[in-house]
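What follows is the residue order along each chain.
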Amino acid sequence: MSGTQVKRAYKYRFYPTDAQRGELLRTFGCVRKVYNLALDARTRAWFTEQRRVNYNETSTMLTAWKKSEDLAFLGEVSSVPLQQALRHLQGAFTAFFDKRAKYPRFKSRKRSRASAEYTRSAFRYRDGQLTLAKMPEPLNIVWSRPLPEGTDPSTVTVSRDSADRWFVSMLVETAVEHHEPTTSMVGVDAGISSLVTLSTGEKITNPRHSDRERTRLAKAQRSLARKDKGSNNRDKARLKVARIQAKITDRRRDNLHKVTTRLVRDNQTVVIEDLSVRNLMKNRKLARAIGDASWSEFRSMLEYKCAWYGRDLVVIDRWFPSSKMCSACGELAGSMPLKVREWTCEGCGVRHDRDINAARNIVAAGLAVSACGAGVRPQRETSRTGRPAVKQELSGASRKGIPALQGRVQSTSTFHGWCG
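Rules used throughout
- Residues numbered from 1 in each chain as written.
- Predicted model: local features only at pLDDT ≥ 70, side-chain atom pairs only at ≥ 80, totals over all residues.
- Heavy atoms only, no water.
- Buried < 20%, exposed > 50% of the residue type's maximum accessible area, 1.4 Å probe, protein only.
- Helix = DSSP H or I, 4+ residues; strand = E, 2+ residues; numbered from the N terminus.
- Pairing = 2+ DSSP bridges.
- Expected span 1.5 Å × (residues − 1).
- Salt bridge = Lys/Arg side-chain N within 4 Å of Asp/Glu carboxyl O.
- Contact = heavy atoms within 4.5 Å.

Undergrad: Looking at this structure, I do not really get the pairing of strand β9 (residues 194-198). What am I missing?
TA: Along any regular strand the residues' side chains alternate between the sheet's two faces. Of all 5 residues in β9, 5 are buried, a share of seventy percent or more. Of the strand pairs in this sheet, strand β8 (residues 185-190) and β9 are connected by 3 bridges, and their pairing is antiparallel. Bridge pairing in β9 links D189 to T197. The turn linking β8 back onto β9 is made up of 3 residues. The sheet contact formed by β9 and strand β10 (residues 203-205) spans 3 bridges and is antiparallel. In the strand pairing of β10, V196 is matched with I204. As consecutive antiparallel partners, β9 and β10 are separated by 4 residues, and within that stretch G201 has a phi angle of approximately 100°, a positive value.

Printed below as a string of structure tokens:
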């Protein structure tokens, strides 16, 4: 089997000493300060002089800031995390100018992630011990799994979450072996009552981790609301809430890893829908359930795992009527609200489970997209008015007679309308 060289991060928890904790907290504060100063300088230069400031100019500014009396404390910590903060800001502006992200925002002490990135010149990794710059002692890391043999970290990122847990992430370049090729193909329909439904008819249950801790979380949040702002008791109550939320997040991520790893291991091609999760989260009645299912994280895991292990991920258009189309004859049903979980096709009389039928239509559409070589993600056509045109899958195929996958795909010739 062939392999792929990938950059992979290994994350471990560690327990800092009092001296290391103080040094890291100072570094986090300096990183945030430098990022905000550079963002303010670049913003002012644009709005006052219509001039773009690049990384080299902000690096020169950093040297001047360290020499000033008010910002002399920036020279007390390692300079590498401060330079990395400027590089991250440069990447944020690049993404903004490429229209891939919004304008960079200032970092908040309470809401932003506390982290610092060290490159090779600012840490030493020897004999399984990691020592950061400005620290005489190595970090007390819990090695839950070993680093790949013969690899040394190129970048180390230290972070602290809201539950006061400390983590170190080591980026290494390693080879990932591809899975054995297989002919199986599966369609995945993301749901709420079930986490996902597969085209094989299997429904994977949504554990609903937030529901299990809802009572404890609500009690802790009520206790936090009663505490005086700025008091030590409020800090203790906030930490209790954060730990409950961290437990929910960890359980959810662990379950998603297990599900996605299984899908990628057992199937050569995985087909999913291009869902607009941000818009779906605006539904107040479904936002909690959608957030607990974590569809965006589920998709991102599938993307990088398929790339690592030699699998194909096909993403079909979000406007494809997978739930309303009969997987047996291709008949399109009328309006179908979410409360309708089963329905009978008027064309052929077959009774469908809503989610299983959608998963079968998804895998059939994915097979058609792959057959016509339309790429991984077919794009919607846009009308001259700027609004989405008629649903792409109905422009080249009739509403009836579209064969679908029912155990196996009968034909793919009539799916060319979906490929544009």
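Undergrad: What should I look at first to understand helix α1 (residues 18-49) in this one?
TA: In an α-helix there are 3.6 residues to a turn, and that puts residues three or four apart on one side. Taking 1.5 Å per residue, 32 residues should reach 46 Å; α1 reaches 46 Å between its end C-alpha atoms and fits that length. Just past α1, the residue Q50 takes up positive phi, approximately 55°.

Undergrad: Help me understand the pattern of salt bridges, please; the structure alone is not making it clear to me.
TA: If charged atoms from side chains of opposite charge come close, those side chains can pair. Overall, the coordinates contain 24 salt bridges when judged by the stated rule. Close ionic contact of R26 with E23 constitutes a salt bridge, the shortest N to O distance being 2.8 Å. Taken together, the positions of R26 and E23, both in helix α1 and 3 residues apart, correspond to about one turn of that helix. Residue class for E23 comes out buried when judged on its relative accessible area of 9%. R51 serves as the salt-bridge partner of E49, at 3.0 Å between the closest nitrogen and oxygen. It is possible to trace a salt-bridge network through shared partners that takes in D161, R165, D250, R253 and E297.

Undergrad: Honestly, the environment of Q129 in this entry has me stumped. Any pointers?
TA: Relative to the helices and strands, Q129 resides in strand β4 (residues 129-132). Sequence separation of Q129 and L139 is 10 residues, and the distance between their C-alpha atoms is 7.2 Å. Apart from the residues lying within four places of it in its own chain, the contact partners of Q129 are R124 and P138.

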